[in-house]
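Remarks on the overall topology
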Amino acid sequence: PIHLIEKQVNAINLPHLLLTVEAPIKESYEETIQQLKERYKIETLITGDIDEIAGHSNWIEECSKKPNMKVLNPLWKKAL
């Protein structure tokens, strides 16, 4: 939940951006990632994704290809 994420980032003194994604979803993700890259000079996205959903590949990785953003998934495919 957002309120818990806000507590976590406040506890470790990190900035937190809440971004809105609208239809068309993939294009909106790509544009938002591009904006992060340009506006905030972000070079790598780090996600908490852990596995595929219904056989789909990692969505953030897919949407990060067009804006040429690096993605780090430290929990991806790790056994729980």
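These notes cover the structure that comes with them. (Residues numbered from 1 in each chain as written. Predicted model: local features only at pLDDT ≥ 70, side-chain atom pairs only at ≥ 80, totals over all residues. Heavy atoms only, no water.)

A word on unusual backbone geometry. Ala23 connects to Pro24 through a cis peptide bond whose omega is -5°. Looking at the secondary structure, you find Pro24 in the loop between α1 (2-11) and α2 (25-40). Phi is positive for Asn13, which is not a glycine, with a value near 60°. Within the secondary structure layout, Asn13 lies in the loop between α1 and α2. Judged by its relative accessible area of 69%, Asn13 is exposed. Residues other than glycine seldom take positive phi values, yet Asn68 does so here, at roughly 55°. Counting through the fold element by element, Asn68 comes out in the loop between α3 (59-64) and β2 (70-72). The exposure class assigned to Asn68 is exposed, which follows from its relative accessible area of 59%. (Helix = DSSP H or I, 4+ residues; strand = E, 2+ residues; numbered from the N terminus. Buried < 20%, exposed > 50% of the residue type's maximum accessible area, 1.4 Å probe, protein only.)

Turning our attention to a nonpolar patch on the surface. A cluster of nonpolar side chains, Ile2, Ile5 and Leu18, forms an exposed patch at the surface whose accessible area comes to about 270 Å². Tracing the chain through its elements places Ile5 in helix α1. (Patch = residues over 30% accessible without salt bridge, like charges linked within 9 Å, V, L, I, M, F, W, Y side chains within 5 Å. Areas by Shrake-Rupley, 256 points an atom, 1.4 Å probe, with all protein chains shown as cover. Salt bridge = Lys/Arg side-chain N within 4 Å of Asp/Glu carboxyl O.)

Quantified by volume, the largest pocket comes out at close to 960 Å³. The wall of the largest pocket is formed by 20 residues, among which Leu17, Leu19, Leu36, Leu45 and Ile46 lie closest to the centre. Among the elements of the structure, α2 and β1 (44-46) are those that each provide at least two residues to the lining of the largest pocket. With four residues, the single largest contributor to the lining of the largest pocket is α2. Considered class by class, the residues forming the lining of the largest pocket number 14 nonpolar, five polar and one charged. (1 Å grid on protein atoms, 1.4 Å probe; cavity = no way out; pocket = protein on both sides within 12 Å on 5 of 7 lines; lining within 4 Å. Points joined across faces, edges and corners; volume = space filled by probe spheres on them. Nonpolar A, V, L, I, M, F, W, Y, C, P; charged D, E, K, R; others polar.)

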